[in-house]
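Coordinate inspection notes
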Amino acid sequence: MSFRLFDAPLREPSQFVGFAGNMIDRQSENRADDSVEKALADPAARLLLMHGGRLYLKLRDGGFDPWFGAEESQPLQASLDHGVLLGFSDSGPVLAVPAGVDPEQLPETIKAIDYRSVYMQGLIDEAAAGAMAQGAALLAWHASHRFCSKCGTEAEMRAGGYKRLCPACATEHFPRTDPVAIMLTVTREKCLLGRGRHFAPGMYSALAGFIEPGETIEAAVRRETLEEAGIRLGRVVYHASQPWPFPYSLMIGCFGEPLNDDIQADLNELEDCRWFFRDEVLSMLARQHPGGLVTPPKGAIAYNLIRAWADSAQNS
Ligand SMILES: [Zn+2]
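We now turn to the structure provided with this report. (Residues numbered from 1 in each chain as written. Predicted model: local features only at pLDDT ≥ 70, side-chain atom pairs only at ≥ 80, totals over all residues. Heavy atoms only, no water.)

Overview of unusual backbone geometry
Quick note on the threshold: A run of DSSP states H or I qualifies as a helix once it reaches four residues; a run of E qualifies as a strand once it reaches two. Both are numbered from the N-terminal end. Note on classification: 1.4 Å probe, protein chains only; a residue is buried when its accessible area is under 20% of the maximum for its type, exposed when over 50%, partly exposed between these limits.
The amide bond that connects Phe 246 to the next residue, Pro 247, takes the cis arrangement and shows omega of -5 degrees. Not every positive phi belongs to a glycine, and Gln 27 is a case in point at roughly 45 degrees. Within the element layout of this structure, Gln 27 appears in the segment before α1 (35–41). Given a relative accessible area of 26%, Gln 27 falls into the partly exposed group. Notably, Asp 61 is not glycine yet its phi reads approximately 50 degrees, a positive angle. Mapping Asp 61 onto the fold places it in the loop between β2 (54–60) and β3 (63–65). Residue classification places Asp 61 among the exposed positions, given a relative accessible area of 80%.

Overview of the packing of aromatic side chains
This is how the line gets drawn: Ring pairs shown here join Phe, Tyr and Trp side chains whose ring centres sit within 6.5 Å, with only the six-membered ring taken for Trp; geometry is labelled stacked below 30 degrees between planes, edge-to-face above 60, and tilted in between.
A full pass over the atoms with the stated rule returns six aromatic pairs. Each ring, one from Tyr 119 and one from Trp 244, has its centre 5.8 Å from the other, and the planes form 85 degrees; the classification is edge-to-face. A residue pair is termed long-range when its members are at least 10 positions apart, and Tyr 119 in helix α2 (residues 115–120) and Trp 244 in strand β13 (residues 233–244) qualify at 125 residues. Of the two residues, Tyr 119 and Trp 244, both sit in the buried class.

Section: the sheet that holds strand β9 (residues 172–173)
Two strands in a sheet stick together by hydrogen bonds in their backbones, pointing the same way (parallel) or opposite ways (antiparallel). Operational definition: Two strands are said to pair when DSSP picks up at least two bridges between them.
The strand order β7-β8-β9 describes an open sheet built from three strands, whose pairing is antiparallel. Both outer strands of the open sheet, β7 (156–158) and β9, are each paired with one neighbouring strand and no more. Pairing of strand β8 (residues 163–165) with β9 involves two bridges; the strand directions are antiparallel. Bridging across to β9, Arg 164 finds its partner in His 173.

Some points on the coordination of the zinc ion
Applied cut-off: Distances decide who is a donor: an N, O or S atom must be within 2.8 Å of the metal, or within 3.2 Å for Na, K and Ca. Water is not included, so sites may look incomplete. In short, tetrahedral needs four donors with all angles between 85 and 135 degrees, square planar needs four and octahedral six donors with opposite donors over 155 degrees apart and all other angles between 65 and 115, and whatever is left is irregular.
Those protein atoms acting as donors to the zinc ion are Cys 148 (SG), Cys 151 (SG), Cys 166 (SG) and Cys 169 (SG), and they sit at 2.3 to 2.4 Å. The site at the zinc ion holds four donor atoms, and with the angles between them running 100 to 116 degrees, its shape is tetrahedral. Written as a sequence motif, the donor arrangement for the zinc ion is C-x2-C-x14-C-x2-C. One end of the pair, Cys 148, is in the loop between α3 (126–144) and β7; the other, Cys 166, is in the loop between β8 and β9, with 18 residues separating them in the sequence. Of the two residues, Cys 148 and Cys 166, neither departs from the other in class, the shared state being buried.

Purely geometric stuff here, so don't read any function into it on its own.
Structural data, given as structure tokens:
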């Protein structure tokens, strides 16, 4: 195949996705066992407070402010011992801390909003959303990996939250990032979109699935596309990635070139799967589709895959 999937972008494609705006300097080489303690002693420390998949937000001047001081966090039962140091911003250390107050019991001026809504509704700026993704993934990992997976002893947080150490068998455990392949099968004229059973009404998106142990990204893209749609892929190319804190994935977005045309959708996984021609996709991206069909919203990596293909096909 000789066509180009898209022209070289001026900006790195991953910079367009949601959660990509994290500006924190992680200073990973300086992480020590007293990093959290030292950071909390700094009066400039800023905290993100999280509880059961929700971020606490202060109502301020008609907007939302996600940043709390260490003292300010105390009435919200912030568990500073279980906080993690995300790194440093221009104004000082940045931490993510689990908070104890039930979202229903919060004062009028503070709301606890689930991460997905915070991101979808653009309630905080891109840098804060990126920090939220980092903190949410780390806190979720600690919450679900409390005990040593080798001997069952309760492990202890180390390195500012970037490690757990088992005091009994000395095994070190490191935060997980689970890779997910998300892929758009494309020709010059059309692309393959599917509809999951839990999707919002009218939404079609790129296919996706977890990358398995022992698999390359490309092999996972080919396997998932064949399993879900019955389409065999030839060439696969990487496009962009997205941190995805549900709970701690990395979405890896790719384009694939189909070798056959006849779709055999796995109807256990998908409600529908079909080819979409460019004009129809452009109307879905613009929210002007006559049948009310839509792509995922801006910020989603699927949107960015679909947009990059639709624009490149248009320009070629
Ligand atoms: Zn152990």
